[in-house]
Amino acid sequence: MAKGILSIDLDALVANWRALDRLSAGSVETGAVVKADGYGLNAGIVGKALARAGARRFFVALAEEGAALRQALGGSLDEGPQILVFSGHMAGDAALLRDHGLVPMLNSPEQLSRHLQFLPGHAFGVQLDSGMNRLGMEPSDWAPVRAAALAQGPVLIMSHLACSDEPHLGQNRAQLDTFRQMTEGCNVPRSLSATGGILLGPEYHFDVTRPGVGLYGGAPFTRAEPVVRLSLPVIQVRNLTPGETVGYGGSWTARQPTRIATLSGGYADGITRHLSNIGQVFAGDTPCPLAGRVSMDLLTVDVSALPEVPETLDLICPAQGVDRIADLAGTIGYEVLTQLGHRYERRYLGEAGADIASPDAAGQPAPVTTP
Ligand SMILES: *Cc1c(COP(=O)(O)O)cnc(C)c1O
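Computed from a predicted structure; not experimentally measured. (Residues numbered from 1 in each chain as written. Predicted model: local features only at pLDDT ≥ 70, side-chain atom pairs only at ≥ 80, totals over all residues. Heavy atoms only, no water.)

## With respect to the UniProt feature "active site" (unreviewed entry) in the chain
The UniProt feature table records "active site" (unreviewed entry) at K35 and Y248. With the annotated positions falling across 214 residues, the maximum pairwise C-alpha distance of 36.0 Å shows that they are not confined to a single cluster. Of the residues named above, K35 line the largest pocket. Tracing the chain through its elements places K35 in helix α2 (residues 35-39). According to the relative accessible area criterion, K35 is partly exposed, its value standing at 27%. In contact with K35, other than residues within four places in its own chain, are F59, V60, A61, E65 and F86. Structurally, Y248 can be placed in the loop between β12 (245-246) and β13 (252-253). Exposure remark for Y248: the relative accessible area of 60% places this residue in the exposed category. (UniProt positions renumbered as here; feature names shortened; annotations may be inferred. 1 Å grid on protein atoms, 1.4 Å probe; cavity = no way out; pocket = protein on both sides within 12 Å on 5 of 7 lines; lining within 4 Å. Helix = DSSP H or I, 4+ residues; strand = E, 2+ residues; numbered from the N terminus. Buried < 20%, exposed > 50% of the residue type's maximum accessible area, 1.4 Å probe, protein only. Contact = heavy atoms within 4.5 Å.)

## Thoughts on the UniProt feature "binding site: substrate" (unreviewed entry) in the chain
Mapped onto the present numbering, the UniProt feature "binding site: substrate" (unreviewed entry) falls at R134 and M296. For the residues just named, distributed over 163 residues, the greatest C-alpha separation reaches 34.2 Å, placing them at more than one site. Lining of the largest cavity among the annotated residues: R134. Residue position: R134 is located in the loop between β7 (125-127) and α7 (139-151). Overall, R134 belongs to the exposed group, its relative accessible area being 53%. Not counting the four nearest positions on each side in its chain, R134 is found in contact with D129 and H160.

## What to know about the confidence of the model for the chain
Low pLDDT means the predicted coordinates in that region are not meant to be read closely. On average, the chain scores 95 in pLDDT, and the residues at 70 or more come to 96%. Scored below 50 in pLDDT, residues 358-371 shows 38 contacts in the model against residues more than four places distant or in partner chains. (pLDDT = per-residue confidence, 0-100.)

## A closer look at the packing of helix α1 (residues 10-22) against helix α3 (residues 43-53)
Orientation of α1 relative to α3, taken along the N-to-C sense of each, is 50 degrees, at an axis distance of 10 Å. The angle between α1 and α3 places the two elements in the oblique class. With respect to the hand of their crossing, α1 and α3 are arranged in right-handed fashion. The residues of α3 that touch α1, namely those facing L10, L13, V14, W17 and R18, are I45, V46, A49, L50 and A53. (Axes fitted to C-alpha atoms, helices over the stretch in contact; angles between N-to-C directions. Parallel < 35°, antiparallel > 145°, perpendicular 65-115°, else oblique. Left-handed = near helix turned anticlockwise from the far one by under 90°.)

## Brief notes about the domain arrangement of the chain
Under the domain assignment, the chain is made up of domain 1 (11-216) and domain 2 (228-340). At the junction of the two partners, domain 1 supplies six residues and domain 2 supplies five residues. The largest contributions to the domain 1 side of the interface with domain 2 come from Y39, L41 and V213, which together make up 70% of the buried area. Inspection of the region where domain 1 meets domain 2 yields zero salt bridges. Along the contact surface separating domain 1 from domain 2 lie zero residue pairs in polar contact (both at pLDDT 80 or more). Its residues placed into classes, the side of domain 1 that touches domain 2 shows five nonpolar, one polar and no charged. (Domains from an automatic or database assignment. Buried area = accessible area lost by both parts, 1.4 Å probe. Salt bridge = Lys/Arg side-chain N within 4 Å of Asp/Glu carboxyl O. Polar contact = N/O pair within 3.5 Å; in protein donor to acceptor, adjacent residues only side chain to side chain. Nonpolar A, V, L, I, M, F, W, Y, C, P; charged D, E, K, R; others polar.)

Okay, structure coming up:
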């Protein structure tokens, strides 16, 4: 089989959720962000494993994502689990929000009026902008509608930190102060922190936290257990004599007798071309440098250091996590995760997912295996 194997360890995912949960006091509820199909790992499967572990609030970006998640998780608006939509109530979303029991986080006075007009009595939350200037009501939007919104009983008021992965920056404290001022006396559950904010400490936790990337093993939660392994099959191995080049553009030249392995996996699978000639794959702990450009479906690597070439080599593994790859490629772990392609065979490992099987992102039934 030439397909790469993407293994997702649901026990590690659950352990990360519990570890983040333990960082806040007992009365603080830890939610889970599963937007962008659970950061590329399958929102339905990730969501079920976390719901089973005790997560009761899930956050998605779009109403459509919320609808798919409700199908996977079951339940309802009244019974939970609660599914909250960051983009709020967009024109045309009313039926989706109603039929799937989703809670829009209203971002503007316009969204508030739309919601009260099209779905009166349907649960909603409010998203405030405390200084990121991206999404949510600013203080000047909020002041005139605050009393009317509160009279309708929002289920959550939230805001988002722009720099929580840089604890030394004054913007964190400034946003905290603004959020406090905007929500003073509201008597509604409040949420400010994603993964980075949880790590900033208890002042930032309020009533509900919203970790995403830390669940999936990414920075800034550096103590996370690795969740993802990506193993790429070796299709062919060849010997090069000094002076021969590898791949498109002949951008890599053998300086000595070299063994080159060609692996299945390329930029169409989310392995960015920026890794050309700088990335590595691993055989256990032994690194094998990429030699030549990443092509659409293939990678070429120098395996001269290996006494024997195994059937697969790992691009993502404990020796090289998503953040290391992101550093090499000049991006962040979030982008590496969400770009993982749809051609891999996905294997969900661990007790936490022993009986969770649902269609993967490519519409194929996801095989569920325990190690
Ligand atoms: C993506 C997102 C989160 C989760 O952030 P992480 O850094 O992945 O933990 C939380 N809240 C909002 C509004 C988001 O957009």
